[in-house]
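Each chain is listed here by its residues.
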Amino acid sequence: MNGNSAEERIAHIQARAQAQRLAAQLAMLEAREQLAPLRTAAVVIGTAARALSPAGAAGGAAGRLMRFSVGHPWVSSAVAAGVLRVVKGRLIALLLAAAAGAAVWWLRRPTLETPAGQEPVE
C-alpha cells in the first residue's frame with residue numbers, strides 16, 4: 001500500500017465524516033425550527049391546563065371565569081365579539097387606562113420584606 005494513497009484515503013474519510021456531521025447539525029436545526037410552533041402550543045396548553053386545574057394558580061373569580069369560558073365557548077365568543085366592538089374605537093384610551101392601572105398596582109403592591117422596626121403599610 002502506497003503511503004500517499006493511504007493518507008489521501010484518510011483525508012477523504014475525515015472530510016466525509018465532517019460533511020456528515022455538518023449535515024446532521026443542519027438537519028437538527030431545521031427540525032428544531034419546524035417544531036418551535038408546536039413547542040409553543042404545548043407550553044400554552046400546559047399553562048392553561050395548570051391554571052384550570054382544581055389546584056391551579058388561577059383561583060377565585062379569574063379561574064371560575066376561565067373555566068366558564070372554556071365550558072361555554074359560544075357565550076365567551078359572543079362576549080369577546082361584543083367587547084371588541086366596544087373597544088374598536090377606544091383602543092388607545094383603554095390601553096392608557098390599563099397602563100395606568102398596572103402602574104398603580106405596581107406601586108401599591110404588597111412587599112414581602114419590611115424594614116426592621118417598621119410595621120407593614122396597609
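Look above for the structure.
Here is a short report on the structure shown in this document. Within every chain, residues take consecutive numbers counted from 1 along the sequence as written. The model is predicted, so local features are restricted to residues of pLDDT at least 70 and side-chain atom pairs to those at 80 or more, both for listing and for counting; the totals for chains, interfaces and linings are taken over all residues. As a rule here, side-chain values come from all non-hydrogen atoms in the structure, and water together with hydrogens is ignored.

A few points about the overall build of the chain
Here comes step 1: Counting its secondary structure elements, the chain contains 4 helices and 0 strands.
Here comes step 2: Start at the N end of the chain and walk to the C end: the helices and strands fall as α-α-α-α.
Here comes step 3: A simple rule labels every residue: compare its accessible area, found with a 1.4 Å probe on the protein chains alone, to the largest value its type can have, and call it buried under 20%, exposed over 50%, or partly exposed in between. The 122 residues of the chain split such that 3% are buried.
Here comes step 4: Surface exposure of the chain reaches about 10,900 Å², of which carbon and sulfur atoms provide 66%. Note on conventions: DSSP H or I runs of at least 4 residues are helices, E runs of at least 2 residues are strands, and numbering of each starts at the N terminus. Per-residue and other accessible areas were derived by the Shrake-Rupley procedure at a 1.4 Å probe size, with only the shown protein chains allowed to occlude residues.

Let's talk about a nonpolar patch on the surface
Here comes step 1: A surface patch of nonpolar side chains, about 420 Å² in accessible area, is lined by Leu 91, Ile 92, Leu 95 and Leu 96.
Here comes step 2: Here Leu 91 lies in helix 4 (residues 91–108). The patches described consist of residues with a relative accessible area above 30% and no salt bridge, like charges being joined within 9 Å and nonpolar side chains (Val, Leu, Ile, Met, Phe, Trp, Tyr) within 5 Å. In the sections that follow, a salt bridge refers to a side-chain nitrogen of Lys or Arg positioned within 4 Å of a carboxyl oxygen of Asp or Glu.

Looking at the packing of aromatic side chains
Here comes step 1: Each pair of aromatic rings taken from Phe, Tyr and Trp, with Trp reduced to its six-membered ring, is defined by centres within 6.5 Å and is described as stacked if the planes are under 30 degrees apart, edge-to-face if over 60, and tilted in the remaining cases. What the rule picks out here adds up to 1 aromatic pair.
Here comes step 2: Ring geometry for Trp 105 against Trp 106: centres 6.1 Å apart, planes inclined by 55°, an arrangement best described as tilted.
Here comes step 3: By relative accessible area, which is 54% here, Trp 105 ends up exposed.

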